[in-house]
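Observations on the model geometry
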Amino acid sequence: MVTFHLRLFIADTSGFGPISVLTMAPVYKLMYFPVKGIAEPIRFLLSYGNIEFEDHRFERENWPQIKPTTPFGQAPVLEFGGVKAYQSIAICRYLAKQVKLMGANDIEDLEIDAIIDTIADLRTKIAVYYKETDPTIKETRKKPLLEETIPYYMERIEAIAKKNNCHLAAGKLTWADVYFVASLDALNFLSGTNLIADCPSLQVMQDNVLNLPGIKEWVAKRPVTDV
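This text gives an overview of the structure that appears in the document.

The rules behind the values
Residues numbered from 1 in each chain as written. Predicted model: local features only at pLDDT ≥ 70, side-chain atom pairs only at ≥ 80, totals over all residues. Heavy atoms only, no water. Pairing = 2+ DSSP bridges. Helix = DSSP H or I, 4+ residues; strand = E, 2+ residues; numbered from the N terminus. Axes fitted to C-alpha atoms, helices over the stretch in contact; angles between N-to-C directions. Contact = heavy atoms within 4.5 Å. Core = buried A, V, L, I, M, F, W, Y, C linked by side-chain atoms within 4.5 Å. Buried < 20%, exposed > 50% of the residue type's maximum accessible area, 1.4 Å probe, protein only. Phe/Tyr/Trp six-rings, centres within 6.5 Å; stacked < 30°, edge-to-face > 60°. Lys NZ or Arg CZ within 6 Å of the ring centre and 35° of its normal.

Let's talk about the sheet that holds strand S6 (residues 83–86)
With mixed pairing, the four strands of this open sheet are ordered in space as S4-S3-S5-S6. Pairing within the sheet leaves two strands with one partner each, and these edge strands are strand S4 (53–57) and S6. When strand polarity is set aside, the average angle formed by the axes of neighbouring strands in this sheet is 20°. Note that strand S5 (residues 77–80) and S6 share four bridges and pair antiparallel. Of the residues in S6, the one forming a bridge with Glu 79 is Lys 84. Against the sheet, helix H1 (residues 40–48) engages strand S3 (28–32), S4 and S5, with an angle of about 160° to S4. Sheet strands in contact with helix H3 (residues 88–98) are S3, S5 and S6, and its direction is about 115° off that of S6.

Okay, structure coming up:
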């Protein structure tokens, strides 16, 4: 179990006993909309490390009041020890260090960062299609997304996983695996397809991540949402 501790030293005024120590675990509070979205990788990493956290989900109608309290008017925000951490990937990278899911050296970390940024690029392209409000324009974007963009990315991501023994970097479990698997539900929903349907190595990776004890427990108890 990964924890940080606030240590309180209390002297024994009787003069006979030793100084006592009280250890208190920090409180992590994750603030995000009531969906998986880009906060789910954060929840996965916290759960993997058995780090207790408050999963604070606010309704969208409350966002105008909450937005000014965030560092840059964006969510998610992870609060702990007086810190308001923002930018989901930066938060994930920080947590990955705490739960020992980084690479063993700078080259492995470069591999991890590169595939994380690639996944983020794919998410952006899918989001452009999903968020389009004009039905005609959206329809014109559907075929290129499903028949060109997604296959282009997924063929290459699958090849990376196959080369790395069903992992996305360094040939071992890293936060890249956790990040991708945690993102899949939202990406599948937004694109209207199963991204890894034709990717056997990524399917194995998904099964492995979802069966990690802390993550398995989180998935079993988390709120049910599509995205």
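Section: the nonpolar core
Counting 63 residues, the largest nonpolar core has Leu 78, Met 154, Leu 168, Trp 175, Phe 180, Leu 195 and Leu 202 as the members making the most contacts within it. Among residues more than four places away in sequence, those in contact with Leu 78 are Tyr 28, Lys 29, Leu 30, Leu 46, Val 83, Lys 84, Ala 85, Ile 91 and Leu 95.

Describing the environment of Val 77
On the secondary structure map, Val 77 appears in strand S5. Considering only alpha carbons, one finds Val 77 and Leu 30, 47 residues apart in sequence, at a separation of 5.9 Å. Those residues within four positions of Val 77 in sequence are excluded, and the remaining contacts are Lys 29, Leu 30, Met 31, Thr 70, Pro 71, Lys 84 and Ala 85.

Re the side chain of Asn 188
On the secondary structure map, Asn 188 appears in helix H6 (residues 175–191). Accessibility expressed as a relative area gives 17% for Asn 188, which makes it buried. If sequence neighbours within four positions are ignored, Asn 188 has contacts with Thr 193, Asn 194 and Leu 195.

What to know about the packing of aromatic side chains
A complete count under the given rule lists 11 aromatic pairs for this structure. Here Phe 53 and Trp 218 contribute two aromatic rings whose centre-to-centre distance is 5.5 Å and whose plane-to-plane angle is 50°, an arrangement assigned as tilted. One end of the pair, Phe 53, is in strand S4; the other, Trp 218, is in helix H8 (residues 213–221), and 165 residues separate them in sequence. Measuring from ring centre to ring centre gives 6.3 Å for Trp 175 and Tyr 179, while their planes differ by 85°; the resulting arrangement is edge-to-face. With Trp 175 and Tyr 179 both in helix H6 and four residues apart, this pair spans about one turn of that helix. Using a relative accessible area of 0% as the deciding quantity, one classes Trp 175 as buried. The exposure class of Tyr 179 is buried, given its relative accessible area of 4%. Three or more aromatic residues joined by ring pairs form one cluster here, namely Tyr 32, Phe 33, Phe 58 and Trp 63. The residue whose ring lies beneath Lys 138 is Tyr 129, and the NZ or CZ to ring-centre distance is 5.2 Å. Positioned over the ring face of Tyr 152 is Arg 156, at 3.7 Å from the centre of the ring.

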